[in-house]
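# Analysis of the macromolecular model
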Amino acid sequence: MRRRAGLVLLALAVFFAALSPLLRWYAFPRLAKVPPNQYQEVVLEAKPATLLDYTTLQAKEVEKVTIVQTLKGNVEESEKIERSAGRDVVVWDALSYIEGPDGKMVSAIPERYIFDAHTQAPVNATGEMVDGDPVRREGIEFKWPFLTEKRDYAYFDAQTRTTAPIHYKGTRTFRGLEVYYFEQTIPWTKVPMPKKMPIEGVTAEQIAQTGMTRWYTTKRMFWVEPVTGAPVNGEEIHTEELRDARKMGMSEDTVTAFDGHVKMREDYIADTVELVKSQRVLVLLLTSYLPWGFLGLGIGLLALALWLEARSRRPDGATTA
């Protein structure tokens, strides 16, 4: 009876020991993915900020500029692309809506971001765009991969429509979470005018015909929770200028269109941290808790099986000196 029990325990030990690496290296890469129907809204503010007053064509300091950034999963488009790509794909329709202190629109820039649901690598497909302009992304945007590493990543900048490194700058503690801090600086670069302008009846094409140009620079900062790859905080020191502005009747040739330190609003930081903490546990179950638990259980069952086998070989009534 002991030998039969030992064989059963040995079989269970082998099963759980084999299940441990399978769960980590086979199941996790297939089960962990961004859901295609995800919806997220984040509000950021620059307080105070410099903003161009389009009625007077003069830059002035204002109390606050608000940026509302929404990410909405487009399930219909993701299913359509999946059929041709042969893999799980997420399509995010994003919108960055900027408004001044009076609540009036400054700009509204839509994006369509298409990426692999498991790795977050971009998937180049029809419909990928920024503000109506077709783009071909390289590098991540909005979200880092699951199990983010301590290294630089390629990050797509929507304003310039180009990719540049975003640098790992160290590990920090943020609201009780261990996070990786990343920075990216985009030097002064000529960028397109937004398609949707705050001036009634004036289009980006009309402004381009005058010869006036828009330039932009930013220092981008992210605090990323490495298990989920989700940013729990983000900031930008962001400046935009209109150059050759006299061609539009402005008094100076270079005018600041926007300048400010953009930060996530406190209530959205708190909500994001709580969400990431809950999602972090699910990822750790597949990558750490269950694999190590099954390995420990397998070793324990193996030890118990060997102990029963040793007892079964001892003659009845045998004693030890």
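Our structure's up above, just so we're on the same page.
So, here is what we can say about the structure in this document. (Residues numbered from 1 in each chain as written. Predicted model: local features only at pLDDT ≥ 70, side-chain atom pairs only at ≥ 80, totals over all residues. Heavy atoms only, no water.)

## A short note on the overall build of the protein
- A tally of regular secondary structure across the protein gives four helices and 13 strands.
- Relative to the 2.2 N^0.38 estimate, which gives 20 Å for 321 residues, the radius of gyration of the protein is 28 Å and therefore markedly larger than a compact globule would have.
- Pairs at least 24 residues apart make up 61% of the contacts formed inside the protein by residues separated by at least 6 positions.
- Carbon together with sulfur atoms contributes 56% to the accessible area of the protein, which is approximately 17100 Å² in total.
- For the protein, the separation between the mean place of its 40 positive charges and that of its 42 negative charges on side chains is 10 Å. (Helix = DSSP H or I, 4+ residues; strand = E, 2+ residues; numbered from the N terminus. Rg over C-alpha atoms; globule rule 2.2 N^0.38 Å. Contact = heavy atoms within 4.5 Å. Areas by Shrake-Rupley, 256 points an atom, 1.4 Å probe, with all protein chains shown as cover. Lys, Arg positive; Asp, Glu negative; His and termini not counted. Charge placed at Lys NZ, Arg CZ, Asp CG, Glu CD.)

## Thoughts on helix α2 (residues 75-85)
- Taken residue by residue, α2 has E77, S78 and I81 as its buried positions. The buried residues of α2 occupy an angular sector of 95° when the element is viewed end-on, so they sit on one face. Turned more than 90 degrees from where α2 packs its buried face, E76 and R83 sit exposed.
- Phi turns positive, to about 70°, at G86, one or two residues after α2. (Buried < 20%, exposed > 50% of the residue type's maximum accessible area, 1.4 Å probe, protein only. Arc of directions from axis to C-beta.)

## Observations concerning the pairing of strand β9 (residues 162-174)
- Bridge count for strand β8 (residues 153-157) against β9 is five bridges, and the pairing is antiparallel. Paired with A154 across the bridge in β9 is P165.
- Here β8 folds back onto β9, and the loop between the two strands holds four residues, one of which, R161, carries a positive phi near 60°. (Pairing = 2+ DSSP bridges.)

## A word on the packing of aromatic side chains
- A complete count under the given rule lists 17 aromatic pairs for this structure.
- Ring centres of W92 and F115 lie 4.8 Å apart, and the angle between their planes is 70°; on these two criteria the pair is classed as edge-to-face. Of this pair, W92 sits in strand β4 (residues 89-99) while F115 sits in strand β5 (residues 105-116); the two residues are 23 residues apart in sequence, bridging distant segments of the chain.
- Using a relative accessible area of 3% as the deciding quantity, one classes W92 as buried.
- Their ring planes at 65° and their centres at 6.3 Å tell us that W92 and F142 sit as a pair that is edge-to-face. In this pair, W92 is assigned in strand β4 and F142 in the loop between β7 (133-134) and β8, connecting sequence segments 50 residues apart. (Phe/Tyr/Trp six-rings, centres within 6.5 Å; stacked < 30°, edge-to-face > 60°.)

## Examining the environment of F28
- Turning to its location among the elements, F28 is positioned in helix α1 (residues 2-31).
- Sequence spacing of F28 and G100 is 72 residues, and the spatial spacing of their C-alpha atoms is 44 Å.
- If sequence neighbours within four positions are ignored, F28 has contacts with L23, F146, L147, V283, L286 and T287.

## Side note on the nonpolar core
- Of all hydrophobic cores here, the largest spans 34 residues; its most connected members are W92, W144, I166 and F182.
- Of all elements in the fold, only α1, β4, β5, β8, β10 (177-191), β11 (213-225) and α4 (266-313) reach the threshold of two or more residues within this core.
- Here W144 is in contact with Q120, Y153, Y155, I166, F182, F222, V224, T228, G229 and P231, once residues within four sequence places are set aside.
- In this structure, V62, I98, Y181 and M264 belong to the second largest nonpolar core, which totals 26 residues. (Core = buried A, V, L, I, M, F, W, Y, C linked by side-chain atoms within 4.5 Å.)

## Notes on α4
- The end-to-end C-alpha separation of α4 is 68 Å, in line with the 70 Å expected for 48 residues at 1.5 Å each.
- Residue L285 marks the point of greatest curvature in α4, where the axis turns by about 60°. (Expected span 1.5 Å × (residues − 1). Bend = angle between axes of the 7 residues up to and from the residue.)

## Notes on a nonpolar patch on the surface
- On the surface, a nonpolar cluster with roughly 450 Å² of combined accessible area is contributed by L7, L10, V14, L302 and L306.
- Only α1 and α4 provide two or more residues apiece to the nonpolar patch.
- Counting residues per element, the nonpolar patch draws most heavily on α1, which supplies three residues. (Patch = residues over 30% accessible without salt bridge, like charges linked within 9 Å, V, L, I, M, F, W, Y side chains within 5 Å. Salt bridge = Lys/Arg side-chain N within 4 Å of Asp/Glu carboxyl O.)

## Quick look at the pattern of salt bridges
- Tallying each qualifying case throughout the model produces 22 salt bridges.
- Here E77 and R112 are joined by a salt bridge, their closest N and O atoms 3.7 Å apart. Of this pair, E77 sits in helix α2 while R112 sits in strand β5, placing them 35 residues apart in sequence. As far as the burial class goes, E77 and R112 line up, both buried.
- Here R175 and E266 are joined by a salt bridge, their closest N and O atoms 2.9 Å apart. In this pair, R175 sits in the loop between β9 and β10 while E266 sits in helix α4, placing the two residues 91 residues apart along the sequence.
- Overall, E266 belongs to the partly exposed group, its relative accessible area being 45%.

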